[in-house]
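# Results of the structural survey
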Amino acid sequence: MAERSVSGTRQPADYGDVAGAVLHALPDEEHRGANRLSVALITDPESFGALLAAFRRVEAAHLRVGRCFLTLDDPNQCLYTSGHARAKHDLDGDIAYPDDDTDDALAAYDAAVFESAGAALRDPDRAVRWEGVGNSLVTAPSDIEALVALNRDPGLVLDDVHVVQCLPTTDDTDLLADLPNGYFACDWTPFECHAVARRMGERHGYSLIGIGASTLGFHSIVEPGQRDVDALIADLRELYGHRDVDAWNELADLLRGRRCSSSDTRRTSRT
């Protein structure tokens, strides 16, 4: 597992080498992550399989520390809009940036912001029900085609750099407390993204594994035969509309043939 110093400041782990990708342990003076909860960078992945293998290597090193997630497409845009989404939706409450910029002070600040955002997303007075998410996006048939393309080829989310976060939680939806998505008017809000992630987990056997500028990434945690694909497609039709386009049938065929070790990435916001 990753080591921590006596003061509580995290020390970089030794992840070793992974074929088809380069792993950089954080913290590192030469590389930056999203915040003090970042534990690794995965650079230049040759394929989605290589990215996933590198991610699993990092995840295994932090099993006793927390839950790991990674950024997907366009990490710079993802992190930029995440900061604005946090401010727009008041997810960090009244937590002030520390005057003391030591590692310990900044780590405490990032942890407090994460806890504040998680509490906001779970607040029943602010939470969005699944029934309130449908038709909140203005979509076109090309969005369903993009959803099919992403599920056929998850490598479409590959970027030069992917950041791995290790969060003090066992709840996969808490990724949205660390890197909330939903700043632009054409996006789902962080609360709507949270409702979607809960629905995918509770009803359809998908665990949130990553977030990008325009995607939420889900990994299947059940065998294909255990999933009601018709019910999943019905929910996705409710989200995206255009219920009669042929792409829905193509997506259903893909999901029925998808093995449980694969990762399913579905488009969730529009840039």
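Rules and cut-offs
Residues numbered from 1 in each chain as written. Predicted model: local features only at pLDDT ≥ 70, side-chain atom pairs only at ≥ 80, totals over all residues. Heavy atoms only, no water. Helix = DSSP H or I, 4+ residues; strand = E, 2+ residues; numbered from the N terminus. Expected span 1.5 Å × (residues − 1). Polar contact = N/O pair within 3.5 Å; in protein donor to acceptor, adjacent residues only side chain to side chain. Contact = heavy atoms within 4.5 Å. Buried < 20%, exposed > 50% of the residue type's maximum accessible area, 1.4 Å probe, protein only. pLDDT = per-residue confidence, 0-100. Salt bridge = Lys/Arg side-chain N within 4 Å of Asp/Glu carboxyl O. Axes fitted to C-alpha atoms, helices over the stretch in contact; angles between N-to-C directions. Parallel < 35°, antiparallel > 145°, perpendicular 65-115°, else oblique. Left-handed = near helix turned anticlockwise from the far one by under 90°. Nonpolar A, V, L, I, M, F, W, Y, C, P; charged D, E, K, R; others polar.

### Quick notes on helix H7 (residues 229-240)
- Over its 12 residues, H7 extends 16 Å from the first C-alpha to the last, a length consistent with the 16 Å expected when each residue adds 1.5 Å.
- Looking one or two places after H7, you find glycine 241, whose phi comes out positive at around 70°.

### Points about the side chain of asparagine 35
- Among the structural elements, asparagine 35 can be located in the loop between strand S1 (22-25) and strand S2 (38-43).
- Of note is the side chain of asparagine 35, whose polar atom sits 2.8 Å from the backbone nitrogen of leucine 37.
- Each residue touching asparagine 35, except ones within four places of it in the same chain, is listed here: Asp110, Gln165 and Asp178.

### Focus: the side chain of threonine 43
- Looking at the secondary structure, you find threonine 43 in strand S2.
- The exposure class assigned to threonine 43 is buried, which follows from its relative accessible area of 10%.
- Within the structure, threonine 43 has its side chain in polar contact with the side chain of histidine 24 (distance 3.2 Å).
- Among all residues touching threonine 43, those that are not within four sequence positions of it are Ala21, Val22, His24, Asp160 and Val161.

### Some details on the confidence of the model for the chain
- Mean pLDDT over the chain: 88, with 91% of residues reaching 70 or higher.
- Throughout residues 1-8 the model reports pLDDT below 50, and contacts reaching past four residues in sequence, or to other chains, amount to 15 contacts.
- Long-range and interchain partners of residues 259-271, a stretch whose pLDDT sits below 50, account for 71 contacts in this model, where long-range means more than four residues apart.

### A word on the pattern of salt bridges
- Under the definition given, this model contains seven salt bridges.
- Arginine 199 serves as the salt-bridge partner of aspartate 235, at 2.9 Å between the closest nitrogen and oxygen. Taken together, the positions of aspartate 235 in helix H7 and arginine 199 in helix H6 (residues 190-204) put the pair 36 residues apart, joining distant regions of the chain.
- Relative accessible area serves as the criterion here: at 6%, aspartate 235 is assigned to the buried category.
- Since its relative accessible area comes to 15%, arginine 199 is described here as buried.

### Quick notes on the packing of helix H4 (residues 141-152) against helix H8 (residues 247-257)
- At a minimum axis distance of 9 Å, the contact between H4 and H8 shows a crossing angle of 20°. Judged by the angle between their axes, H4 and H8 are roughly parallel. As H4 runs across H8, the sense of the crossing is left-handed. Facing H4, whose interface residues are Ile144, Glu145, Leu147, Val148, Asn151 and Arg152, H8 presents Ala247, Trp248, Glu250, Leu251, Leu254 and Leu255.
- Residue classes in the contact of H4 with H8 are distributed as eight nonpolar, one polar and three charged.

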